[in-house]
Amino acid sequence: MIASSRSPLVWAVHISVILLVVLWTLPTAGLLISSLRDKDQLAVSGWWTALSTSSQNLTGRAASPEVQVERDGKFVIAGNLLEAGDSKVSAFGFRPLQPTAFEAGALADIGEGQTLTVKDDGSYEIVSPARMEGTRGQRIFYTAAIPPRFTFDNYREVMRAAGIGSSFINSLTVAIPATIIPILVAAFAAYALAWMKFPGRAILIAVVVGLLVVPLQMSLIPLLKLYNGVGAFLGVPAKTYVGIWLAHMGFGLPLAIYLLRNYMAGLPREIMESARVDGASDFDIFIKIILPLSFPALASFSIFQFLWTWNDLLVAMVFLGTGNDELVLTGRLVNLLGSRGGNWEILTASAFITIIVPLIVFFTLQRYLVRGLLAGSVKGG
């Protein structure tokens, strides 16, 4: 009876989980498919049509008059507009305002007795009663049905851009210490707030909770002024890696202390009391007991902190700079998109290049996170 009464709720939970997975997976799958598509097809059709033939309005140019041959007293220029043999031309024209004036295979009069014919397989012929002059070929506008094309050219274009390698190293130099430092500081602070009794502990906990709601944009300029003032007093340059590490630590500490403190406060008190009876100090308890038991919380926060620091652009531009030697990967890709006019193929490929490292970090720590969660799930009798 209990199982049957709960079955609608179980089904509702399962359906909700499936919907959430679909909502998260579909945009990511669309982004991946778009990053592998030909840029011309991406510009005219959505990713959901990636496996279907797309109709595109294209522009080609016939061969120059230098390659014309004489045939039956007339001069002919012949060639093919299509690269793929399975593409089909449905219409063509020789004027920009009338790109589909003629059906494939029709004979078009282009003036001065010259005619143009474009067949459905893309082959064309320009026939003239007199020798054609000039060095440039006739422009031909045509509509073609292009089969699906997938390529790694978008990734090659992004990876070959100047400065990508150095920006990748800059991002790692920022993200790794900016993840480790807050965890170390927050772990000590969380243990003190959870298990050590001292005056003002409740006030400190309230301050930490209050700092969670302070917007980054509101505290960015005051923090920068404070850092510049201290740096000028100590003779330290304004924009260095130390500065951005401290900034990320300041922005990440409230959440880290809050999460770790709540997790550590829920650990069994009997373990700590037994350790103190055996003569262990607070430092020994923290290092040998609290940290191993708190690994799931540490891994969870490290994932979020690394994702935040890796994808950050605002803090990096303010505390590190925008020079070619200081740009992080996100800043470099923003500049690349600006110089390319915001092309979709560059945007999609850049997005996946930026998430490669976070995905590695996530799946690596997720394995240890699950192991840590299951480690204390079974207790002995």
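It should be noted that the structure appears before, not after, this text.
Being a predicted model, the structure only gives us computed values, none of them experimental. (Residues numbered from 1 in each chain as written. Predicted model: local features only at pLDDT ≥ 70, side-chain atom pairs only at ≥ 80, totals over all residues. Heavy atoms only, no water.)

**Remarks on the overall build of the chain**
Moving on, step 1. Secondary structure summary: the chain contains 13 helices and nine strands in total.
Moving on, step 2. By the compact-globule yardstick of 21 Å for 381 residues, the chain is too spread out, its C-alpha radius of gyration being 32 Å.
Moving on, step 3. Dimensions of the chain, computed from the C-alpha atoms along their principal axes, are close to 110 × 75 × 30 Å.
Moving on, step 4. Counting over 381 residues, the chain shows a buried share of 36%.
Moving on, step 5. In the chain, the share of contacts with a sequence separation of at least 24, taken over all contacts with a separation of at least 6, comes to 72%.
Moving on, step 6. As displayed, the chain has an accessible area near 22200 Å², and 65% of this comes from carbon and sulfur atoms.
Moving on, step 7. Between the mean site of the 28 positive side-chain charges and the mean site of the 25 negative ones, the chain shows a separation of 11 Å. (Helix = DSSP H or I, 4+ residues; strand = E, 2+ residues; numbered from the N terminus. Rg over C-alpha atoms; globule rule 2.2 N^0.38 Å. Buried < 20%, exposed > 50% of the residue type's maximum accessible area, 1.4 Å probe, protein only. Contact = heavy atoms within 4.5 Å. Areas by Shrake-Rupley, 256 points an atom, 1.4 Å probe, with all protein chains shown as cover. Lys, Arg positive; Asp, Glu negative; His and termini not counted. Charge placed at Lys NZ, Arg CZ, Asp CG, Glu CD.)

**As for the pattern of salt bridges**
Moving on, step 1. Evaluation of the coordinates by the stated rule reveals three salt bridges.
Moving on, step 2. A salt bridge links Arg156 to Asp153; the nearest nitrogen and oxygen atoms lie 2.6 Å apart. Note that Arg156 and Asp153 are positioned in helix α3 (residues 153-159) at a spacing of three residues, about one turn of the helix.
Moving on, step 3. Classification of Arg156 as partly exposed rests on a relative accessible area of 38%.
Moving on, step 4. Note that Arg276 and Asp282 form a salt bridge whose closest N and O atoms lie 2.9 Å from each other.
Moving on, step 5. Judged by relative accessible area, Asp282 falls into the partly exposed class, the value being 29%. (Salt bridge = Lys/Arg side-chain N within 4 Å of Asp/Glu carboxyl O.)

**Re the packing of aromatic side chains**
Moving on, step 1. What the rule picks out here adds up to ten aromatic pairs.
Moving on, step 2. With 6.0 Å between their ring centres and 80° between their planes, Trp47 and Trp48 make a pair best called edge-to-face.
Moving on, step 3. For Trp47, a relative accessible area of 28% puts it in the partly exposed group.
Moving on, step 4. The exposure class of Trp48 is exposed, given its relative accessible area of 64%.
Moving on, step 5. For the pair Tyr191 and Phe286, a centre-to-centre distance of 5.5 Å together with 55° between the ring planes defines the contact as tilted. You can see Tyr191 sitting in helix α4 (residues 164-195) and its partner Phe286 sitting in helix α9 (residues 282-293), a full 95 residues away along the chain.
Moving on, step 6. Ring-pair connections join several aromatic residues into one group, and the members of that group are Phe92, Phe94 and Phe102. (Phe/Tyr/Trp six-rings, centres within 6.5 Å; stacked < 30°, edge-to-face > 60°.)

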